[in-house]
Amino acid sequence: LGLRQRDVCIADGRAARCFLDAQGRSMYVSCLKRFVRRQSECTDEELAELWRLPFELARGQTASGVVDTRLNAGNNQNVAHLHLK
């Protein structure tokens, strides 16, 4: 059996979830529980949680905190949903 989302889910909030990278890369993937393609479609609560979850997890993981954050949205998506890496 391969990995399932529930195997790599490390934070589950009201509006978003945060996962370990399924390919084993040293990153978190944060996404909303509902389908959206752009930040402009999100409520303030959804946006706050989308960004807060991975930053809380990353705190203390590296000397300087978060090294890099990428928002995958709009036309530059390989999978059409909003997420942070």
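Residues numbered from 1 in each chain as written. Predicted model: local features only at pLDDT ≥ 70, side-chain atom pairs only at ≥ 80, totals over all residues. Heavy atoms only, no water.

Novice: So, the packing of aromatic side chains: which residues are in play, and what are the values?
Specialist: The final tally for this structure, using the stated rule, is one aromatic pair. Considering the side-chain rings of W51 and F55, the 6.4 Å spacing of their centres and the 35° angle between planes classify their relative orientation as tilted. With a gap of four residues between them, W51 and F55 both fall in helix α2 (residues 44-58), about one helical turn apart. Since its relative accessible area comes to 30%, W51 is described here as partly exposed. (Phe/Tyr/Trp six-rings, centres within 6.5 Å; stacked < 30°, edge-to-face > 60°. Helix = DSSP H or I, 4+ residues; strand = E, 2+ residues; numbered from the N terminus. Buried < 20%, exposed > 50% of the residue type's maximum accessible area, 1.4 Å probe, protein only.)

Novice: Summarise the pattern of salt bridges; cite the residues concerned and give the values.
Specialist: Proximity of charged atoms lets side chains of opposite charge pair with each other. Enumeration according to the criterion identifies six salt bridges in this entry. D12 is the partner of K33 in a salt bridge, and the nearest nitrogen-oxygen pair spans 2.8 Å. With K33 in the loop between β3 (28-32) and α2 and D12 in strand β1 (residues 9-12), this residue pair connects regions lying 21 residues apart in the sequence. E46 is the salt-bridge partner of R34, the closest N and O atoms lying 2.5 Å from each other. Here the residue R34 occupies a position in the loop between β3 and α2, and E46 occupies one in helix α2, the gap between them amounting to twelve residues. The partly exposed category is assigned to R34, whose relative accessible area is 38%. Each of D12, R17 and K33 takes part in one network of salt bridges that share partners. (Salt bridge = Lys/Arg side-chain N within 4 Å of Asp/Glu carboxyl O.)

Novice: Please provide a residue-by-residue account of the environment of Q23, values included.
Specialist: With respect to the element layout, Q23 can be found in the loop between β2 (16-20) and β3. Distance from Q23 to L3, taken between C-alpha atoms, is 9.6 Å for residues 20 residues apart in sequence.

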